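Observations on the model geometry
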Amino acid sequence: MIYIGSHVSLKGDEMYLGSVEEALSYDANAFMVYTGAPQNTKRRPLEEMKIKEAKALMKENNILLSNVIVHAPYIMNLANPDKVKRDFAVEFLTSEIKRTHEMGASQIVLHPGSAVGSTREQAIKWISEGLNEVIKNTKGLTVKIALETMAGKGNEIGRTFEELRDIINLIEDKTRVSVCFDTCHTHDSGYDVRNNFKGVIEEFDKVVGKEYISVFHINDSKNVRGSRKDRHENLGFGHIGFDSLIKIIYDEDFLSIPKILESPYVEGNPPYKEEIMMIKSKKFNPNLKEIIVNKT
Ligand code: FE
Ligand code: FE
Ligand code: ZN
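Examining the state of the cysteines
- According to the stated counting rule, one finds zero disulfides in the structure shown.
- Of the cysteine sulfurs around Cys180, a residue in no disulfide, the closest is that of Cys184, at 12 Å.
- Among the residues examined, Cys184 registers a relative accessible area of 0% and is labelled buried.

Here is the structure:
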């Protein structure tokens, strides 16, 4: 049994209930949502999110809350040199974690941050300071903060396993942090997940510890290994390739870990139902994009 799903939206009046419905329409048994627009910090009040209804629908359809992932907005930067902005990031992440808890999800994925106008070392210190504060602010909750492996675009922190380890080392309550392993990002930052996933994981295990991986983002990449571009491609159409991604999805070390697709829409249509179908049949369909386009 694998737990596979995609990024789904949380919007309109249906909110969280709509997210579950969308996931079910893709035949998914896992999913990931942003708690609002990822590029801003405006959020609907909890009472309007249809949380109870969403949880009931999940239960009815055997979607486990442990396979529901929240993604923090990517505009906040815990490594911002401006203390006021760092404080805002801490405050906002705190409220996002409370929201994640109310939604019943077990983890929130976070881009660690970006070293703008400071050294990477300083950025890592600020990130872990911020995380320690957030964890204190949400004491008693079990929601994990899953630090995402990053492609290394611009000044992104988290492009190497060592940087993630350095952050985690400075976290006081390590039960509250984990890692989101993104296949496109690790490939783009230079790790050979295409030909040597086992070797990459061995390295991750030595540096961080593989028990820290709590979710995978399964994405192909539009670019060659080491490009640091972070442009996702539909499953099997990129430089990682279908067979390598299937091996990762079905790796027995991580069978119980949820896997989330973040592949691009094809001419405005979501590709997830078809991609999940390919994953379940383990058979690549070279006509996938045409099929998706022709759906409308
Ligand atoms: Fe992400
Ligand atoms: Fe990702
Ligand atoms: Zn990405």
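Topic: the coordination of the zinc ion (ligand 3)
- Around the zinc ion (ligand 3), the donor atoms from the protein are His185 (NE2), Asp230 (OD) and His232 (NE2), and they sit 2.0 to 2.2 Å away.
- Sequence spacing of the donor residues for the zinc ion (ligand 3), all on one chain, is H-x44-D-x1-H.
- Here the iron ion (ligand 1) and the zinc ion (ligand 3) are spaced 5.5 Å from one another.

Topic: the nonpolar core
- Among the nonpolar cores identified, the biggest contains 83 residues, and Phe31, Leu93 and Leu131 are the most heavily contacted of them.
- Setting aside residues up to four positions removed in sequence, Phe31 forms contacts with Ser6, Val8, Tyr16, Ser19, Val20, Ala23, Met58, Ile63, Asn67, Val68, Ile69 and Ile260.
- Counting residues in hydrophobic clusters, the runner-up holds eight residues, among them Ala30, Met32, Cys180 and Ile260.

Overview of the coordination of the iron ion (ligand 2)
- Looking at the iron ion (ligand 2), the protein donor atoms are Glu148 (OE), Asp182 (OD), His217 (ND1) and Glu262 (OE), and they sit 2.1 to 2.2 Å from it.
- Angles of 83 to 171° at the metal separate the four donor atoms of the iron ion (ligand 2), which places the site in the irregular class.
- In the primary sequence, the donor residues of the iron ion (ligand 2) line up as E-x33-D-x34-H-x44-E.

As for the environment of Ile171
- For Ile171, the position within the fold is in the loop between α5 (161–169) and β8 (177–182).
- On a C-alpha basis, the gap between Ile171 and Glu274 in space is 40 Å, while along the polypeptide they are 103 residues apart.
- Every residue in contact with Ile171, bar those within four places of it in the chain, is listed here: Ser128, Leu131, Asn132, Ile135 and Val177.

With respect to the pairing of strand β1 (residues 4–7)
- Here β1 runs beside strand β12 (residues 259–261); their pairing, made up of three bridges, is parallel. Its bridge partner being in β12, Gly5 is matched across the sheet by Ile260.
- Alignment of β1 against strand β2 (residues 30–34), held across three bridges, turns out to be parallel. For Ser6, the partnering residue across the bridge sits in β2 and is Phe31.

Comments concerning the sheet that holds strand β6 (residues 144–148)
- Taken together, eight strands build a closed barrel; the order of strands is β1-β2-β3-β4-β6-β8-β9-β12 and the barrel is parallel. Neighbour-to-neighbour, the strand axes of the sheet open up by a mean angle of 30°, direction not taken into account.
- Against the sheet, helix α3 (residues 83–103) engages β2, β3 (68–71), β4 (107–110) and β6, with an angle of about 145° to β4.

Cut-off values and rules
- Residues numbered from 1 in each chain as written.
- Chains lettered and ligands numbered in written order.
- Predicted model: local features only at pLDDT ≥ 70, side-chain atom pairs only at ≥ 80, totals over all residues.
- Heavy atoms only, no water.
- Disulfide = S-S within 2.5 Å.
- Buried < 20%, exposed > 50% of the residue type's maximum accessible area, 1.4 Å probe, protein only.
- Donors = N, O, S within 2.8 Å, 3.2 Å for Na, K, Ca; no water.
- Core = buried A, V, L, I, M, F, W, Y, C linked by side-chain atoms within 4.5 Å.
- Contact = heavy atoms within 4.5 Å.
- Tetrahedral: all angles 85-135°; square planar, octahedral: opposite > 155°, others 65-115°.
- Helix = DSSP H or I, 4+ residues; strand = E, 2+ residues; numbered from the N terminus.
- Pairing = 2+ DSSP bridges.
- Axes fitted to C-alpha atoms, helices over the stretch in contact; angles between N-to-C directions.

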